[in-house]
Amino acid sequence: MFPKRLTEGYQAFLDGRFHNERKRYEQLGETGQSPEILLIGCCDSRVSPEVIFDAGPGEMFVIRNVANLVPPYEGEAESSSYHGTSAAIEFAVNALNVKHVVVLGHASCGGVRAVFDDAKPLTAIDFIGKWMSQITPVAEALPRTGDRATDVQQLEWAVVEHSLKNLMTFPSIRRRVERGAMELHGAYFGVATGLLFLRDPATGKFAPCQPQAAA
């Protein structure tokens, strides 16, 4: 049976947002999408980009996966498997011509903590472990302070940095960034606090977008 929560939510959507923005939905259906922002975030249920940034339909092209990871570009000779994230990036960049790419990390990321804690696989095939092995070198190279909360957050920030670096391995992205047609951004959301941290491209440091969370 289809979840009652979803049917109730859909009814609320029809009566509320869809009713109020019907012309916008009709236009999007007729003319297609043209978002200027590609956002790559985590599939964590607590970190919905559309909610965090109060985005309307058609405003952001969103890719979500475990731990907001961007794998490095693989050429035809190297590619030997399916690449959902890379395919979505290819579409957003080359078909939609987005102007901004945002990598959004977040606090309490389960994927990052699994690497930090060297957690046991959830299944025999260990899909998560294989996916998260991309950041094993990042975790190993990161100096630890001895304070768990600080060290986990530092790794969560480093994962955002890692994804930004991997984005630049895509030739189509590098060309656009180098000629000023595209900008890459790093951000980090505090689930419990509501604080949004932005990465300074000059220093690589993260600082709050606002001095404190909204009341």
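Residues numbered from 1 in each chain as written. Predicted model: local features only at pLDDT ≥ 70, side-chain atom pairs only at ≥ 80, totals over all residues. Heavy atoms only, no water.

In the annotation of an unreviewed UniProt entry, the entry for the protein chain reads Carbonic anhydrase, and the organism field reads Bordetella petrii. The protein chain has a UniProt comment under Function (unreviewed entry) that states "Reversible hydration of carbon dioxide." In its Catalytic activity (unreviewed entry) section, the UniProt entry covering the protein chain states "hydrogencarbonate + H(+) = CO2 + H2O". (UniProt positions renumbered as here; feature names shortened; annotations may be inferred.)

As paired strands, strand 4 (residues 183–189) and strand 5 (residues 196–199) are joined by three bridges and run antiparallel to one another. By the bridge assignment for strand 5, Ala187 is matched with Leu198. Here strand 4 folds back onto strand 5 in antiparallel fashion, the turn holding six residues, of which Gly194 has a positive phi close to 80°. Pairing geometry for strand 5 and strand 6 (residues 206–208), over three bridges, is antiparallel. Its bridge partner lying in strand 6, Phe197 is registered against Pro208. Where strand 5 folds back onto strand 6 in an antiparallel hairpin, the turn is made up of six residues, including Gly204, whose phi is positive at roughly 80°. (Pairing = 2+ DSSP bridges. Helix = DSSP H or I, 4+ residues; strand = E, 2+ residues; numbered from the N terminus.)

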